[in-house]
Amino acid sequence: MVGNRVFSDFSFSSNDPYFKEVIPCIPRLISLIDRNPSSKTYGCFDRSYWLDKAIDFPSANIQYSALALAYVYKYNFDGSSYYQNKQLLSWIEASMIFWTKTQNSDGSFDEFYPNERGWGAPTGFTCYSMAMCLSLLKEDISNFCEKSVLKSLKKGVDFLNNYEGDKMLTNHHAITILAINAVVDLTGDKKLLVDMKNKIKIINDLHNKEGWSKEYDGPDLGYLTATISFLTKSQLFKYDKKLQEIINSSIEFVSYFAQADGGFGGVISSRNTVHVYPDGFEITKKENKISETLSKHFSSTLSLGNTALPIRMPDRYLGYRLVEFLETAISRHKIKSIQSANYLLPFQKENFTKIFRSSGHIVRKINQYYIIINLSKGGVLKVIDIDKKESVFIDAGVTVCGRSESYTSSWIDKDFELKILKDHYSVSGKLVKIISPYQFTSGMIVFRLIQLTLGRISLFAYYFKILIKKLFISGIKKSSFNFRREIRIKDECLVVEDYFSSNKRVDIKNIIIGGDLHYRYVPQSRYFLE
């Protein structure tokens, strides 16, 4: 299969499970666009900016959604009103041109605030999207649009090459590699590969030999599937042996966390995500028996509603899900399995215990129960009843709610002390302060002034964003509370004991033990699941 997804003999199947999730969302996606040609924001997907007037700048990241519309314009399906629709084409072209207008002078784009100058997101993401749009629509769009987008793509890739990213989020490095390869495939300009060896080295450095890649302070299962997906798409453009090794080991790691109920990730992950990027499994299923089984598992359990489906997405990330599901539908059609489905996922095997000492995960199959523990995250755990295909127990640990501040054990702290015995696991350390900042008027004024002045300096904006992440997302402020969680498993009996104390007087309002609670700030998380 070719990386640019340009085919002369393809139509979407209305029966494809991923495509079924996409089609009901297309009218909503089109509703996000400013479709008025007389408007200064014609083509903008950020409805909160162009219509609601609720924010003072448009988020470039939402322009990624243009690619979803490009796919349904390019390829037909039964009853399609989008196929070769010239009105739809004009809106796609307008969104591509609007994207070029939001680009900063250094080639970067902004997602959350003016002069953010985001690296992997949004620059990497949107460069990939626009490169693919040009590949799909180059025979239909105007010369002005093509030239404008090509100019912006080259500036965007230059920006990606000039910086190395914050080395906190592996999926951002993966999308950057994909974006650069997509632009090189489109333009034929191999000079844009100037930093590729270094970027592959960074991905390798962020990858653990257990099969997971760093997302802040540990593995996040949802974003690990994103990394797999982005890298496998990239391999279609330009194959790299080292990246393939990373992909293969990541796929094996993921297999241990597939659940009988179709669920995935959540509290046991560093970023609490419950989304699955399935295209990587479809692309590699021809050579990888684990991928083949995972592709069948995720597609067959999709309708159970236990992962983040497009219908649950906020406007900002709707396009992400739709594009991934559309590309997955294409891969399912174009790449046929050549292996028999004789590989069992871990939850389908006989009883076992698997310990990942670097990540802190313990996975156990005990008869009809599948138990996943993350000791490194304070002993959070999930129990799935395989026969009933449902999660019967989700425990996010201990949360102490004070009058002014709250604390939790549901955090990854390298200072936690872990003990792993045969049927007895424990973790101890300090409860961590829950960081949940909110915007307030005076703070916003100061923040905007900083961004509108110093933020104009590319290097300042780059390191300022890293500082923001460390202060409000990945940073740790420990409390006076000591805690210890003991987990014992005997046959089909699970016992969880929590102990905590403080050497200081604390005014406690409430204590929460267990529950499916998420505390880290992650925009693509906290979705309601059925």
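What counts and what doesn't
What you see as residue numbers is a count from 1 along each chain, following the sequence as written. At least 70 in pLDDT is required for a residue's local features to be given in this predicted model, at least 80 for side-chain atom pairs to be given and counted, and no such filter applies to totals for whole chains, interfaces and linings, which use all residues. Side-chain numbers come from the whole structure's heavy atoms, not from hydrogens or water. Classification of ring pairs uses Phe, Tyr and Trp, with its six-membered ring standing for Trp, and accepts pairs whose centres are within 6.5 Å; under 30 degrees between planes counts as stacked, over 60 as edge-to-face, and the remaining range as tilted. Helix and strand labels come from DSSP, where a helix needs a run of H or I of at least four residues and a strand needs a run of E of at least two; each type is numbered from the N terminus. Partly exposed residues are those whose accessible area sits between 20% and 50% of the maximum for their type, while under 20% is buried and over 50% is exposed, using a 1.4 Å probe and protein chains only. When DSSP locates at least two bridges between a pair of strands, those strands are taken to pair. Think of each axis as a best-fit line through the C-alpha atoms, taken over the contacting stretch in the case of a helix, with angles from 0 to 180 degrees between the N-to-C directions. For our purposes a nonpolar core is just a set of buried Ala, Val, Leu, Ile, Met, Phe, Trp, Tyr and Cys residues, chained together by side-chain atoms within 4.5 Å.

### Section: the packing of aromatic side chains
The full count for this structure, using the stated rule, is 33 aromatic pairs. Relative to Phe356, the ring of Phe253 lies with its centre 4.8 Å away and its plane at 70°, an arrangement referred to as edge-to-face. In this pair, Phe253 sits in helix α11 (residues 241-255) while Phe356 sits in strand β3 (residues 352-356), placing the two residues 103 residues apart along the sequence. Of the two residues, Phe253 and Phe356, both sit in the buried class.

### With respect to the sheet that holds strand β6 (residues 380-385)
Picture the strands of a sheet paired through backbone hydrogen bonds; they go either parallel or antiparallel. Here five strands make up an open sheet; going across it, the order is β3-β4-β5-β6-β7 and the pairing antiparallel. Strand pairing shows two members of the sheet lacking a second neighbour, β3 and β7 (390-395), which therefore form its edges. Going from strand to strand, the sheet's axes swing by 10° on average, the running direction of each strand aside.

### Observations regarding the pairing of strand β13 (residues 493-502)
Summarising the sheet, strand β12 (residues 478-490) and β13 pair through 10 bridges and their orientation is antiparallel. When the sheet's bridge partners are listed, Arg485 is paired in β13 with Asp498. Here β12 folds back onto β13 in antiparallel fashion, the turn holding two residues, of which Asp491 has a positive phi close to 55°.

### A word on the nonpolar core
Within the largest apolar cluster, 131 residues are counted, with the highest numbers of intra-cluster contacts made by Phe12 and Phe257. The element best represented in this core is helix α6 (residues 120-137), accounting for 11 residues. Grouped together as the second largest cluster of nonpolar side chains are 18 residues, Ile362, Leu375, Phe416 and Phe483 included.

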